[in-house]
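The primary structure of each chain is shown beneath.
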Amino acid sequence: IIVNIARGELIVDEALIAGLDKGTPGIAILDAFRQEPLPKTHPYWKHPKVRVSSHTSSSGTGTLPRADNFFLENLRRYQAGQKLLSEVTAESF
């Protein structure tokens, strides 16, 4: 299974479709696409092993309170001179 809820550019559409047709991966769940909205003629719409969502994977019950709490905790850490949560640096890669 491949799930993309990040950025559409992470997936090479033609390669994914070819892989799905060969059985690897077995299914694709996609929430982000190179072109949005996804064109009505795109092969993903009719492919039996693709599930398309409406690029709303980040929404749901509790999303805003979690984001608020995350921000406030990082603000507290910043003010205290502590390491931030989920900080990404060049060395992370």
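Cut-off values and rules
Sequence order as written defines residue numbering, which begins from 1 separately in each chain. The predicted origin of the model limits local features to residues at a pLDDT of at least 70 and limits the giving and counting of side-chain atom pairs to 80 or more, whereas totals for whole chains, interfaces and linings rest on all residues. The side-chain figures draw on all heavy atoms in the structure; neither hydrogens nor water molecules are used. By salt bridge we mean one thing: a side-chain nitrogen of Lys or Arg within 4 Å of a carboxyl oxygen of Asp or Glu. Helix and strand assignments follow DSSP, with helices taken as H or I runs no shorter than four residues and strands as E runs no shorter than two, numbered in order from the N terminus. Relative accessibility decides the category of a residue: with a 1.4 Å probe and only protein chains considered, values under 20% of the type maximum give buried, values over 50% give exposed, and everything between is partly exposed.

**Things to note about the pattern of salt bridges**
In step 1: As enumerated under the stated definition, the model contains two salt bridges in all.
In step 2: One salt bridge connects Glu73 with Arg76, and the closest N-O pair in it is separated by 2.6 Å. Taken as a pair, Glu73 and Arg76 lie in helix H2 (residues 63-79) at a separation of three residues, close to a single helical turn.
In step 3: Classification of Arg76 by relative accessible area gives partly exposed; the value is 39%.
In step 4: For Arg77, the salt bridge is made with Glu73, and the minimal N-O distance between the two is 2.9 Å. One end of the pair is Arg77 and the other is Glu73, both in helix H2 and four residues apart, which spans about a single turn.
In step 5: Judged by relative accessible area, which is 23%, Glu73 ranks as partly exposed.
In step 6: If you follow the salt bridges from partner to partner, you end up with Glu73, Arg76 and Arg77 in one network.

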